[in-house]
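Chain by chain, the residues:
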Amino acid sequence: NAGVTQTPKFRILKIGQSMTLQCTQDMNHNYMYWYRQDPGMGLKLIYYSVGAGITDKGEVPNGYNVSRSTTEDFPLRLELAAPSQTSVYFCAGAPGHLAKNIQYFGAGTRLSVL
Amino acid sequence: GENVEQHPSTLSVQEGDSAVIKCTYSDSASNYFPWYKQELGKGPQLIIDIRSNVGEKKDQRIAVTLNKTAKHFSLHITETQPEDSAVYFCAASGNTNAGKSTFGDGTTLTVKP
């Protein structure tokens, strides 16, 4: 049972390039989330999904897009990368028990945009 | 929306001492308060949580207390060990927001041997 797997672990992008951060989970979780973590800061929610085919914006969605075609996968797309998107990105899954919605995080993707 | 403030941002203690991290939240509808530990180079991992119908919860050397009236909750670590050194995040969530959690900015705890 791998839990939540993120790829790649590290990536350097040039300004204006695009890329997809992959996230897959094998826990059959309905809910999935994407966060960014800037140095010394907490986790800011980018996008989330409550099930396949359903996505919604979080706190900081500008410059990102997501899709949720299956329960397992929740890729995050960056179009026209900017230096402000340099951050560590975490994907998380949760079972969807709203009274106790424990989130299980991947190991993160460290992205630098130069 | 919910706003969570966490203090202190850094905390250094001697091995064996206790550590306390405090968080306040703004939304009275929040009813679930998890604490996550993030070790260097890894994703956050749940260490303890508390629901709003409970005032205190303990798990070995860690405990969490909740004051609903004052809208604050705290993490207590006793008999700290060097392996407790990490970044700790508090969070708050409610039943009506798709299970989304609002996180504090984190506390970097250093336990000196």
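As the structure is a prediction and not an experimental result, all values here were calculated from the model.

A. Quick look at the overall build of chain B. When its secondary structure is counted, chain B shows zero helices and eleven strands. When the helices and strands of chain B are read in sequence order from the N terminus, they spell out β-β-β-β-β-β-β-β-β-β-β. Here the C-alpha atoms of chain B give a radius of gyration of 14 Å, agreeing with the 13 Å that 2.2 N^0.38 yields for 113 residues. Its C-alpha atoms give chain B principal-axis dimensions of roughly 45 × 30 × 20 Å. Within the span of chain B, comprising 113 residues, buried residues form 45% of the whole. Within chain B, contacts between residues at least 6 apart in sequence are counted, and of these 53% link residues at least 24 apart. Only carbon and sulfur atoms are counted for the fraction: they give 46% of the accessible area of chain B, which is about 5500 Å².

B. Examining the side chain of glutamine 37 of chain A more closely. Structurally, the position occupied by glutamine 37 of chain A is in strand β4 (residues 31-37). Since its relative accessible area comes to 12%, glutamine 37 of chain A is described here as buried. Ignoring anything within four residues of it in the chain, the contact list for glutamine 37 of chain A reads Gly42, Leu43, Ser87, Val88 and Phe90 of chain A together with Gln38 and Phe89 of chain B.

C. Just the pairing of strand β6 (residues 56-59) of chain B, in detail. All names here are of chain B. The pairing of β6 with strand β7 (residues 62-67) spans four bridges and is classified as antiparallel. When the bridges of β7 are listed, lysine 58 appears paired with alanine 63. Between β6 and the antiparallel strand that follows it, β7, lie two residues; glutamine 60 among them carries a positive phi value of about 60°.

D. Main features of the packing of aromatic side chains. Following the criterion strictly, the structure yields 13 aromatic pairs over all chains and no others. When the centroid spacing of 6.5 Å and the interplanar angle of 25° are considered together, the rings of tyrosine 33 of chain A and tyrosine 48 of chain A count as stacked. Taken together, the residues tyrosine 33 of chain A in strand β4 and tyrosine 48 of chain A in strand β5 (residues 43-51) connect sequence positions 15 residues apart. In this structure, tyrosine 33 of chain A and tyrosine 48 of chain A share a single accessibility class: buried. Members of the aromatic cluster, each reached through a chain of ring pairs, are Tyr33, Tyr35, Tyr48, Phe90 and Phe105 of chain A together with Tyr36 and Phe103 of chain B.

E. Structural view of the pairing of strand β11 (residues 109-113) of chain A. All names here are of chain A. Along β11, the buried face is formed by Thr109, Leu111 and Val113; none of Arg110 and Ser112, which line the opposite face, is buried. Strand direction decides the pairing type here: strand β2 (residues 10-13) and β11, joined by four bridges, are parallel. In the sheet register, isoleucine 12 faces β11, and the bridge partner there is serine 112. Pairing between strand β9 (residues 87-94) and β11: three bridges, direction antiparallel. From the neighbouring strand, serine 87 faces β11, where its bridge partner is leucine 111.

F. Representation of the environment of proline 95 of chain A within the structure. Residues and elements named next belong to chain A. Mapped onto the fold, proline 95 is located in the loop between β9 and β10 (104-105). Along the chain, proline 95 and methionine 32 lie 63 residues apart, while their C-alpha atoms are 8.8 Å from each other. If sequence neighbours within four positions are ignored, proline 95 has contacts with His29, Asn30, Asn101, Ile102 and Tyr104.

G. Up close: the interface of chain B and chain A. Listed as interface residues are 21 residues of chain B and, on the opposing side, 23 residues of chain A. In total, about 1800 Å² of surface goes out of reach between chain B and chain A, with carbon and sulfur atoms giving 54% of it. For the pair chain B and chain A, the interface holds zero salt bridges. Between the two partners, chain B and chain A, sit four residue pairs in polar contact (both at pLDDT 80 or more). Contributing elements (two or more residues each) for the side of chain B that touches chain A: β4 (32-38) and β5 (45-51) of chain B. In terms of residue class, the side of chain B that touches chain A is built from seven nonpolar, eight polar and six charged.

Rules behind the numbers
Residues numbered from 1 in each chain as written. Chains lettered and ligands numbered in written order. Predicted model: local features only at pLDDT ≥ 70, side-chain atom pairs only at ≥ 80, totals over all residues. Heavy atoms only, no water. Helix = DSSP H or I, 4+ residues; strand = E, 2+ residues; numbered from the N terminus. Rg over C-alpha atoms; globule rule 2.2 N^0.38 Å. Buried < 20%, exposed > 50% of the residue type's maximum accessible area, 1.4 Å probe, protein only. Contact = heavy atoms within 4.5 Å. Areas by Shrake-Rupley, 256 points an atom, 1.4 Å probe, with all protein chains shown as cover. Pairing = 2+ DSSP bridges. Phe/Tyr/Trp six-rings, centres within 6.5 Å; stacked < 30°, edge-to-face > 60°. Buried area = accessible area lost by both parts, 1.4 Å probe. Salt bridge = Lys/Arg side-chain N within 4 Å of Asp/Glu carboxyl O. Polar contact = N/O pair within 3.5 Å; in protein donor to acceptor, adjacent residues only side chain to side chain. Nonpolar A, V, L, I, M, F, W, Y, C, P; charged D, E, K, R; others polar.

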